[in-house]
Amino acid sequence: MSSILPTLGKDVSIDIGSIQTRLMGGTRGTVISEPSIIATDTKQEKVVAVGDEAARLVLRMPDMWRPLTPLKDGFIVDYRVMHTMLSYFLNKVSNALRRARVVVGVPCGMTDVEQRAMMDAVIQAGAREVFLIERPVAAAIGCGVPIFEAQGSMVIDIGGGTIDMGIVSLGGIVDSKTIRFGGSDINNALLRYVRECFGVIVSDETILDIKHTLGTAIAPTRRSSDLHVFVNECLIGLLDEVKQMIRATAPEIVADIMQHGIWLTGGTARLSGLADRIGTEVGVPVHVPEAPETKVVVGLNGASSDLVSLSRFIVNSKNRKGRD
């Protein structure tokens, strides 16, 4: 593992999602959030825009511009696109990137090959050092969970392409797991609902509006029951995975979780009734923090100031000179 050196406040934290990328640090003190896409000229095959601007171009002229994303289910599938996107985002938040270290939130259980691909992409984008921390750990830090105390705490982070679940206690990871399913799968289910029930195809923005205004994880008593059926099909697997993780956990840790509850983060944590549904079926109180979609990057930003104490949570690291 590379050395951990002071960086004079130039650390950058990045949560690279399948749908949205969020950054903090560098010369900015607030969360920056942009779509995880680039737009290419389909005739010249060159990159013309990244992030927000790419999303606008594709929406206005879909026949001229082709959207590309570097991730599928939270893992890199196009290294070239990842390098281009990271270069844009990282240089946007840091004017001195080559002297910066970057802390990245990653899915649980990444293979060595996947970890190295992520670290190489960040180094090639210009960073001096890169550190990888699993998303549930970052989310726990972002929620203010006491990860160093003798108390078991569970976090479920629902991203666009993956759900990352983790249990932490005494400064270590008790258990963690990634499910290759996320908020985009619920969006696709709602898109299918609109198409099958009304015979129309709507934009991603409209689907998000439907998700946030009509979507529900609990069977409604009077309206939107058909919509609930489509959403419910997506949630059954999540609920089963949560139950399995708790069943496989030591009784004393489970007792802590039952007392203090589960933290639910990620944009889909806002889905109406989801926290109550998980709480009812698992028998554990579920908390949704304010701005749940930012908790991973906020936690990474907090971790960057104390990587020495958090060294047990760093799954891998690399510096520009190539020492691992």
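Residues numbered from 1 in each chain as written. Predicted model: local features only at pLDDT ≥ 70, side-chain atom pairs only at ≥ 80, totals over all residues. Heavy atoms only, no water.

### Thoughts on the pattern of salt bridges
When their charged atoms lie close together, side chains carrying opposite charge are able to pair. Quick reminder of the rule: Here, a salt bridge means any side-chain nitrogen of Lys or Arg that lies within 4 Å of a carboxyl oxygen of Asp or Glu. Helix and strand definitions here come from DSSP, where helices need a minimum of 4 consecutive H or I residues and strands a minimum of 2 consecutive E residues; each element is numbered from the N-terminal end. Only protein chains enter the accessibility calculation, which uses a 1.4 Å probe; a residue whose area is less than 20% of its type maximum is buried, one above 50% is exposed, and one in between is partly exposed.
For the coordinates displayed, the defined rule picks out 14 salt bridges. With a shortest N-O distance of 3.8 Å, R180 and E114 are connected by a salt bridge. Of this pair, R180 sits in the loop between strand 13 (172–179) and helix 5 (183–198) while E114 sits in helix 3 (residues 112–124), placing them 66 residues apart in sequence. The class of E114 is partly exposed, set by a relative accessible area of 24%. One salt bridge in this structure joins R135 and D164, with 3.6 Å as the shortest N-O distance. Of this pair, R135 sits in helix 4 (residues 135–142) while D164 sits in strand 12 (residues 163–169); the two residues are 29 residues apart in sequence, bridging distant segments of the chain.

### Observations concerning unusual backbone geometry
We note that L170 has phi near 50°; this positive angle belongs to a residue other than glycine. Its place among the elements puts L170 in the loop between strand 12 and strand 13. Look at A291: it is not a glycine, yet its phi comes out positive at around 50°. Here A291 is to be found in the loop between strand 15 (286–287) and helix 10 (295–303).

### Looking at the environment of V104
Under the convention used in this document: Contacts between residues were defined by any pair of non-hydrogen atoms, one from each residue, lying within 4.5 Å.
Structurally, V104 can be placed in strand 9 (residues 101–106). Spatially, the C-alpha atoms of V104 and V122 are 8.9 Å apart, while their sequence positions differ by 18 residues. Apart from residues no more than four positions distant in its own chain, V104 is found in contact with I14, I16, M118, V122, V130, F131, L132, I133 and L300.

### Remarks on the pairing of strand 14 (residues 262–265)
Applied cut-off: Should DSSP find at least two bridges between two strands, the strands are regarded as paired.
Judged from the four bridges that link them, strand 11 (residues 153–158) and strand 14 form a sheet pairing that is parallel. Pairing of D157 across the sheet is with T265, part of strand 14. Note: strand 14 against strand 15, two bridges, orientation parallel. Of the residues in strand 15, the one forming a bridge with W263 is H287.

### Re the pairing of strand 10 (residues 129–134)
Short version of the rule: Note on handedness: a crossover is taken as right-handed if, strands pointing away from the viewer, the path from the first strand over the helix to the second is clockwise.
In terms of burial, strand 10 is largely enclosed, as six of its six residues are buried. Covered by surrounding structure in strand 10 are E129, F131 and I133 together with V130, L132 and E134, the residues of both alternating faces. In the sheet, strand 9 pairs with strand 10 via six bridges, with the strands oriented parallel. Within the sheet, the bridge partner assigned to V106 lies in strand 10 and is E134. After leaving strand 9, the chain enters helix 3 and then returns to the sheet as strand 10, a path that is right-handed. In this structure, strand 10 lies alongside strand 16 (residues 314–319), joined through five bridges in antiparallel fashion. Paired with V130 across the bridge in strand 16 is K318.

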